[in-house]
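Report on the structure
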Amino acid sequence: MTVLVTGGAGYIGSHMALELTDAGERVVVLDNLTTGFRWAVPPKATLVVGDVADEKLVGEIIADHGIKAIIHFAGSIVVPDSVTDPLGYYHNNTVKSRALMAAAVAGGVPHFIFSSTAAVYGNPGEEPVREDAILKPMSPYGTSKLMTELMLADTAAAHDFSYVALRYFNVAGADPQGRSGQSTPRATHLIKVACEAATGKRAGMQVFGTDYPTVDGTCVRDYIHVSDLARAHLAALKYLRAGNKSDVFNCGYSRGYSVQQVIDAVKTATGRDFKVDLSERRAGDPAAIVAATDKIRETLGWQPKHDDINNIVAQAFAWEEHLAQFKKCG
Ligand code: UFG
């Protein structure tokens, strides 16, 4: 039984491929390498360079490797970009996911795990937010993922096909063994940006908004370690293989940290000071979003192992230093 991981050369996908190969699973990665890296694919996994919407190629992979589950990460992930290029996001995230699902159904793949997002909730106004909250995305990114969730539900109702959609909160950190981490150039995510400032790669950073109704006026998020997130997918795979019904789960720790608290944690963990400018709100940011996680804990039996913001930022920083070294050598 081989697992197909789309986007397995990217940040979260490469951690998934590591988690699967560490667990002794056979893995094929399908990635078009537009944002992923060949080196990020674990040596034990097979890399196919191609597009998830290439139904012929996916059909061949399914048949040649005996694929029995697909974990689908490939997609576009920058919320503000989705606002300026909505059709690009609907194409890449929604239309291409439809093609991948069609190939899965045609090839008789019974199980599918999908990277969804907390962005499907928009500004929930309830904290922590439960899976049955009203879904009101604030960006085309969130809508593109919600549309895929809806397609999955309809597909599962019509075919011999079950799925789990995992709604990620803010993913951060790096492989504790230092084998992978967030490597995207032009990063926009808070912890990565703060770690780049700590290494000196950038001169400083900005805090977007200080007048939110939160503990210190800055936005609150629920940061989950990327390896715990990958382990949530393993738990979902086990759940589907056991014949359980399709479902949706939040992935977070049920604990929020403000932007200011995260920056302080980066400064403390690294022992480096850097310039922080307080600036205007960034468009589209909800004030606070924290996951209710009783469902994933109870139903999938998932328990976090890296639930420590200081460790998360320390590992993100270690990876940032590794990248800086890599660049010097390259
Ligand atoms: N922030 C700053 N300065 C920066 C970068 C970010 O103040 O340089 C702030 C943002 O304004 C926000 C918080 O830090 O308040 C977190 O921002 P990120 O860009 O790190 O992450 P988002 O919360 O915007 O988005 C992330 C994922 C999405 C997902 C969403 C769900 O990137 O894919 O979480 O909550 F949908």
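The structure reproduced in this document is the subject of the present report. (Residues numbered from 1 in each chain as written. Predicted model: local features only at pLDDT ≥ 70, side-chain atom pairs only at ≥ 80, totals over all residues. Heavy atoms only, no water.)

**Some thoughts on the side chain of Glu-196**
With respect to the helices and strands, Glu-196 occurs in helix H6 (residues 190–199). A distance of 2.7 Å separates a polar atom in the side chain of Glu-196 from a polar atom in the side chain of Arg-202. (Helix = DSSP H or I, 4+ residues; strand = E, 2+ residues; numbered from the N terminus. Polar contact = N/O pair within 3.5 Å; in protein donor to acceptor, adjacent residues only side chain to side chain.)

**Things to note about the packing of aromatic side chains**
Under the criterion given, the structure shown has seven aromatic pairs. Ring centres of Tyr-89 and Tyr-141 lie 6.5 Å apart, and the angle between their planes is 80°; this geometry places the pair in the edge-to-face category. You can see Tyr-89 sitting in helix H4 (residues 86–106) and its partner Tyr-141 sitting in helix H5 (residues 140–158), a full 52 residues away along the chain. Judged by relative accessible area, which is 9%, Tyr-141 ranks as buried. (Phe/Tyr/Trp six-rings, centres within 6.5 Å; stacked < 30°, edge-to-face > 60°. Buried < 20%, exposed > 50% of the residue type's maximum accessible area, 1.4 Å probe, protein only.)

**Quick notes on the sheet that holds strand S12 (residues 257–258)**
Taken in spatial order, the three strands of this open sheet run S12-S9-S14, and their pairing is mixed. Edge positions in the sheet fall to S12 and strand S14 (288–289), since each of these pairs with one other strand and no more. In the sheet, strand S9 (residues 220–221) pairs with S14 via two bridges, with the strands oriented parallel. Among the inter-strand pairings, Val-220 is bridged to a residue of S14, identified as Ala-288. (Pairing = 2+ DSSP bridges.)

**Considering the packing of H6 against helix H8 (residues 259–270)**
It is at 10 Å that the axes of H6 and H8 come closest, and there the two elements cross at 40°. Between H6 and H8, the interaxial angle falls into the category oblique. Crossing geometry of H6 relative to H8 is assigned as right-handed. Every residue of H8 that contacts H6 at Leu-190, Ile-191, Ala-194, Cys-195 and Ala-198 is listed here: Val-259, Val-262, Ile-263, Val-266 and Thr-270. Counted by class, the contact of H6 with H8 contains nine nonpolar, one polar and no charged residues. (Axes fitted to C-alpha atoms, helices over the stretch in contact; angles between N-to-C directions. Parallel < 35°, antiparallel > 145°, perpendicular 65-115°, else oblique. Left-handed = near helix turned anticlockwise from the far one by under 90°. Contact = heavy atoms within 4.5 Å. Nonpolar A, V, L, I, M, F, W, Y, C, P; charged D, E, K, R; others polar.)

**Description of the sheet that holds strand S6 (residues 162–168)**
Strands belonging to one sheet form pairs held by backbone hydrogen bonds; the direction of such a pair is parallel or antiparallel. If you walk across this open sheet you meet the seven strands as S3-S2-S1-S4-S5-S6-S11, and the pairing is parallel. Looking at strand neighbours, the two that pair on one side only are strand S3 (46–49) and strand S11 (247–251), the edges of this open sheet. Taken pair by pair, the neighbouring strands of this sheet meet at an average axis angle of 20°, ignoring direction. Inspection of the sheet shows strand S4 (residues 67–72) paired to strand S5 (residues 111–117) by four bridges, in the parallel sense. Among the inter-strand pairings, Ile-71 is bridged to a residue of S5, identified as Ile-113.

**So, the side chain of Asp-228**
Residue placement: Asp-228 occurs in helix H7 (residues 226–241). Polar side-chain contacts of Asp-228 include one of 2.6 Å to the side chain of Arg-231. In terms of polar contacts, Asp-228 uses its side chain to reach the backbone amide nitrogen of His-306, at 2.9 Å. Residue contacts for Asp-228: discarding those within four places in its chain leaves Tyr-253, Trp-302, Pro-304, Lys-305, His-306 and Asp-307.

**Quick word on the nonpolar core**
Side chains that are nonpolar tend, in soluble globular proteins, to be buried together. In terms of nonpolar packing, the biggest core is built from 62 residues, with Ile-12, Leu-20, Leu-166, Val-171, Ile-191 and Phe-274 touching the most fellow members. Of all the elements, H7 adds the most residues to this core, at nine residues. A domain split of this core shows at least three residues from each of domain 1 (2–172 + 224–251) and domain 2 (190–221 + 254–329). Leaving out residues up to four positions away in the same chain, Ile-191 has contacts with Ala-172, Tyr-223, Val-262, Ile-309, Ile-312, Val-313 and Ala-316. Core analysis: the second largest hydrophobic core is formed by 24 residues, Ile-62, Ala-103, Phe-114 and Tyr-163 among them. (Core = buried A, V, L, I, M, F, W, Y, C linked by side-chain atoms within 4.5 Å. Domains from an automatic or database assignment.)

The values reported here are purely geometric and, on their own, carry no functional implication.
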